[in-house]
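Survey of secondary and tertiary structure
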Amino acid sequence: MAELRWAESAVKDLDNICNYIAEDSEEYARMFARSIIDFVETIAAFPYSGRVVVEMNNEMIREKVLTNYRIIYRINNDSIEVVRIIHSARNFKDIN
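For the structure given in this document, a descriptive report is provided here. Nothing here was measured: the structure is a model prediction, and the numbers come from that model.

Here we take up the pattern of salt bridges. In this structure the tally under the stated criterion is 10 salt bridges. A salt bridge links R34 to D38, with the nearest nitrogen and oxygen atoms 2.8 Å apart. Here the residue R34 and the residue D38 both occupy positions in helix 2 (residues 26-45), the gap between them amounting to 4 residues, near one helical turn. When its relative accessible area of 35% is taken as the criterion, D38 is described as partly exposed.

Given below as structure tokens:
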């Protein structure tokens, strides 16, 4: 299994999303964070199970979707790096 790393941008994304959710419910924010973290941990075991990010057209940059969020990650030789967590309604090219 590849080592799993989080880019600073992905950590900030998750923090921002959870802060937004916490405005209504801190419990739901915690539940959301846990579901994202658990989901991301499966990526390290099966890195090629995600689809190629269409906007990037690079076999090594992939994504998996959980509810309305795109979890974008990069496959390196011996590691997987989560690079962004964005709402699917947002335009990835405007964020990148």
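Running from N to C, helix 1 (residues 8-22) and helix 2 point in directions that differ by 150°, and their axes come no closer than 7 Å. In this view, helix 1 runs roughly antiparallel relative to helix 2, as classed from their interaxial angle. In the crossing of helix 1 with helix 2, the sense of the turn from one axis to the other is right-handed. Contacts between helix 1 and helix 2 involve L14, I17, C18, I21 and A22 from the former and E26, Y28, A29, F32, A33, I36 and I37 from the latter. Of the residues that constitute the contact of helix 1 with helix 2, the class distribution is 11 nonpolar, no polar and 1 charged.

Another point: helix 1. Its 15 residues give helix 1 an end-to-end C-alpha distance of 21 Å, which sits within 8% of 21 Å, the value for a rise of 1.5 Å per residue. Residues A10, D13, L14, I17 and C18 constitute the buried set of helix 1. Around the axis of helix 1, the buried residues are gathered within 125° of arc, so they sit on the same side. Relative to its buried face, helix 1 has exposed residues pointing more than 90 degrees away, namely E8, N16 and Y20.

Relative to the helices and strands, S25 resides in the loop between helix 1 and helix 2. In this structure S25 comes out as buried when scored by relative accessible area, which is 16%. Engagement of the side chain of S25 in a polar contact is seen with the backbone nitrogen of Y28, the distance being 3.1 Å.

For strand 4 (residues 69-75), the buried fraction is high: 6 of the 7 residues fall into the buried class. The pairing of strand 3 (residues 61-66) with strand 4 spans 6 bridges and is classified as antiparallel. Residue I61 lies in a different strand from strand 4, and its bridge partner there is R74. Between strand 3 and the antiparallel strand that follows it, strand 4, lie 2 residues; T67 among them carries a positive phi value of about 50°. Bridging between strand 4 and strand 5 (residues 79-87) involves 7 bridges; their strand directions are antiparallel. What sits directly across from I72, in strand 5, is R84. From the end of strand 4 to the start of strand 5, which pair antiparallel, there are 3 residues.

About the thresholds
Residues numbered from 1 in each chain as written. Predicted model: local features only at pLDDT ≥ 70, side-chain atom pairs only at ≥ 80, totals over all residues. Heavy atoms only, no water. Salt bridge = Lys/Arg side-chain N within 4 Å of Asp/Glu carboxyl O. Helix = DSSP H or I, 4+ residues; strand = E, 2+ residues; numbered from the N terminus. Buried < 20%, exposed > 50% of the residue type's maximum accessible area, 1.4 Å probe, protein only. Axes fitted to C-alpha atoms, helices over the stretch in contact; angles between N-to-C directions. Parallel < 35°, antiparallel > 145°, perpendicular 65-115°, else oblique. Left-handed = near helix turned anticlockwise from the far one by under 90°. Contact = heavy atoms within 4.5 Å. Nonpolar A, V, L, I, M, F, W, Y, C, P; charged D, E, K, R; others polar. Expected span 1.5 Å × (residues − 1). Arc of directions from axis to C-beta. Polar contact = N/O pair within 3.5 Å; in protein donor to acceptor, adjacent residues only side chain to side chain. Pairing = 2+ DSSP bridges.

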